[in-house]
Amino acid sequence: MNLIEKSKKYLWLPFTQMKDYDENPLIIDSGKGIKVKDINGKEYYDAFSSVWLNVHGHRKQELDEAVREQLNKIAHSTLLGMTNVPATELAEKLVKIAPDSLSRVFYSDSGAEAVEIAVKMAYQYWQNIGATNKQKFISVKNGYHGDTIGAVSVGAIDIFHKVYGPLMFEGFKTTVPNVYRHPTEDPEKSRDEALETLETLLKEHHEEIAGLTIESMIQGAGGMIVMPEGYLSGVRELCTKYNVLMIIDEVATGFGRTGKMFACEHEDVEPDLMAAGKGITGGYLPVAITYTTENIYEAFYDDYTKLKTFFHGHSYTGNQLGCVAALANLKLFEKDHIVQQVTQKSECLHELFGEISSLPHIGDIRQLGFMCGIELVYDKATKEPFPFESRVAYKASLKMRELGLLTRPTGDVVVFMPPLASTEEDLKEMVQIMKQAIVSITSGEALQIAAANS
Ligand SMILES: *Cc1c(COP(=O)(O)O)cnc(C)c1O
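As annotated in an unreviewed UniProt entry, the chain is Adenosylmethionine-8-amino-7-oxononanoate aminotransferase from Halobacillus shinanisalinarum. Regarding the chain, the UniProt comment filed under Cofactor (unreviewed entry) reads as follows: "pyridoxal 5'-phosphate". The record held by UniProt for the chain lists under Subcellular location (unreviewed entry) the comment "Cytoplasm".

Written out as structure tokens, the structure reads:
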């Protein structure tokens, strides 16, 4: 049996309709810089950073060496009741780069866990301080926080989450401003309406609400929806006013992705809890973190017999190999001025998008730093989408694959999340390939739809 046959016979892939995989299998064998190579030797731009992770490219010397060196000492020891050297060093570094409100780091292995931990901490915080009726959460419509049941409960993307309805804990959902889909396309109006909706909800229910979960500045999996200026800081003000903990999800946006170390810095927002993951190890190893304030930490600190302990942990939490990769990653952020570079190169990217935005089936291009989405529509004037069955963005991504570029859409939105190390030349080539695929697929689909309608 060859590898492709084995993959079809034994694997079940995450977030994948396996019928799609069987029709278009792909096995990656190696990577170097911002490209990966499959088992047949075909090269692809890693235009989605291996699903939103990669920072400096693959086989980055400093990261490779850090992991190799750690292997000479120890690969893993537990964080339950004790710690290790890199996990401790890393915690200090992470607190130094975080918003000022955050002073403690709790490790886990994935973004979903980091969010779930934040939710459990927020819940138990109020229990520990005796405000026992604060048990519910507000989350934002169209939000995505990962795939474990707790993270799904505070998520709100029907196509992924609806089937699990009866398994989820109940909460409140508030609207998110979507400027492109707002009747006036006025960012301020759409922001103010969303904040009013939230305030109405808080006014009525704040006494039973423990926390609010929200992605930072941009909804990722929900379609790269950039929040209008003043929205996130408006949410912060309302959380403070109504005594609700603000849980910010920086899993996708953290570590330079949007042109700030953390996206909440765009509006100087200081959360009570914050989840991060993805870029933390430069895309090398599974490490995630939940940041908290000292105030929340102290509510759990007491004699054991008071049972205020946070009874939560995972086997590989604080893994040394992951932590040394993260330390080497943060060192490179400093040395190569990654955050400033993203800000600069984003302008070039913005110009490149300007050159394709007039294409007939590109409805909207949204960008915050290196986090971008291109929304494909059937009718540009009315914003009418392509029919669900036509799967245009998926088909476009297959075309891109053929042309030597990997990405993965969310709905009708082509996602572009290149590694932060991509040069302007790389960005140019990648946008060119995406353009070619989008034109070819959307015009083909539109012709078919028109033919069927006539
Ligand atoms: C990817 C993502 C998660 C989940 O992270 P995993 O590591 O895949 O569990 C959570 N929140 C946001 C905003 C994400 O983009």
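**Quick look at the environment of E389**
Checked against the element boundaries, E389 lands in the loop between β14 (371-376) and α14 (392-402). For the pair E389 and R181, spaced 208 residues apart in sequence, the C-alpha separation works out to 21 Å.

**Some points on a nonpolar patch on the surface**
Side chains of I149, V163, Y164 and L167 sit close together on the surface and give an oily, nonpolar patch of about 400 Å² of accessible area. Along the chain, Y164 falls in the loop between α8 (158-161) and β6 (172-174). Of the residues examined, Y164 reaches a relative accessible area of 39% and is grouped as partly exposed.

**What to know about the nonpolar core**
In terms of nonpolar packing, the biggest core is built from 96 residues, with L94, I214, I374 and F416 touching the most fellow members. Y125, L273, A275 and A299 belong to the second-largest nonpolar core, a separate cluster that totals 23 residues.

**A short note on the pattern of salt bridges**
Tallied over the full model, the rule gives 19 salt bridges. Here K136 and E208 are joined by a salt bridge, their closest N and O atoms 3.5 Å apart. On the criterion of sequence distance, the pair formed by K136 in strand β5 (residues 136-140) and E208 in the loop between α9 (187-205) and β7 (209-215) is long-range, its members being 72 residues apart. K136 sits in the partly exposed class, given a relative accessible area of 28%. Between D303 and K306 there is a salt bridge; the shortest N-O distance is 4.0 Å. According to the relative accessible area criterion, K306 is partly exposed, its value standing at 47%. Several salt bridges converge on common partners, so that one network encompasses R181, D364, R366 and E375.

**A word on the sheet that holds strand β15 (residues 405-406)**
Pairing in this open sheet of four strands is mixed, and the strands run β1-β2-β3-β15 from one edge to the other. Single-partner strands in this sheet number two, and they are β1 (28-32) and β15. In the sheet, strand β2 (residues 35-38) pairs with strand β3 (residues 43-46) via three bridges, with the strands oriented antiparallel. Across the sheet, V36 pairs through a bridge with Y44, a residue of β3. Taken strand by strand, helix α15 (residues 424-453) contacts β3 and β15, and its axis lies near 105° from that of β3.

**Focus: the environment of L3**
Within the element layout of this structure, L3 appears in helix α1 (residues 3-10). When its relative accessible area of 47% is taken as the criterion, L3 is described as partly exposed. The contact partners of L3, leaving out residues within four places of it in the chain, are I27 and I39.

**Overview of the UniProt feature "modified residue: N6-(pyridoxal phosphate)lysine" (unreviewed entry) in the chain**
The sites that UniProt annotates as "modified residue: N6-(pyridoxal phosphate)lysine" (unreviewed entry) are K278. Residue classification places K278 among the partly exposed residues on the basis of a relative accessible area of 23%.

**Some points on the packing of aromatic side chains**
When we look at a pair of aromatic rings, we describe it by the centre distance and by the angle of the planes. Going through the model one piece at a time under the given rule, you end up with eleven aromatic pairs. Look at F137 and F169: their rings are 6.3 Å apart centre to centre, the planes differ by 50°, and that puts the pair in the tilted class. Taken as a pair, F137 in strand β5 and F169 in the loop between α8 and β6 lie far apart in primary sequence, 32 residues in all. The class for F169 is partly exposed, based on a relative accessible area of 35%. One Lys or Arg, K134, reaches over the ring of W126 and ends 4.8 Å from the middle of that ring.

**Some thoughts on helix α10 (residues 231-241)**
Taken residue by residue, α10 has Y231, L232, G234, V235, R236, L238 and C239 as its buried positions. Those residues of α10 that are buried lie in contact with β5, α9, β7 and β10 (245-249). Positive phi shows up at N243, right after α10, with a value of about 60°.

The rules behind the values
Residues numbered from 1 in each chain as written. Predicted model: local features only at pLDDT ≥ 70, side-chain atom pairs only at ≥ 80, totals over all residues. Heavy atoms only, no water. UniProt positions renumbered as here; feature names shortened; annotations may be inferred. Helix = DSSP H or I, 4+ residues; strand = E, 2+ residues; numbered from the N terminus. Patch = residues over 30% accessible without salt bridge, like charges linked within 9 Å, V, L, I, M, F, W, Y side chains within 5 Å. Areas by Shrake-Rupley, 256 points an atom, 1.4 Å probe, with all protein chains shown as cover. Salt bridge = Lys/Arg side-chain N within 4 Å of Asp/Glu carboxyl O. Buried < 20%, exposed > 50% of the residue type's maximum accessible area, 1.4 Å probe, protein only. Core = buried A, V, L, I, M, F, W, Y, C linked by side-chain atoms within 4.5 Å. Pairing = 2+ DSSP bridges. Contact = heavy atoms within 4.5 Å. Axes fitted to C-alpha atoms, helices over the stretch in contact; angles between N-to-C directions. Phe/Tyr/Trp six-rings, centres within 6.5 Å; stacked < 30°, edge-to-face > 60°. Lys NZ or Arg CZ within 6 Å of the ring centre and 35° of its normal.

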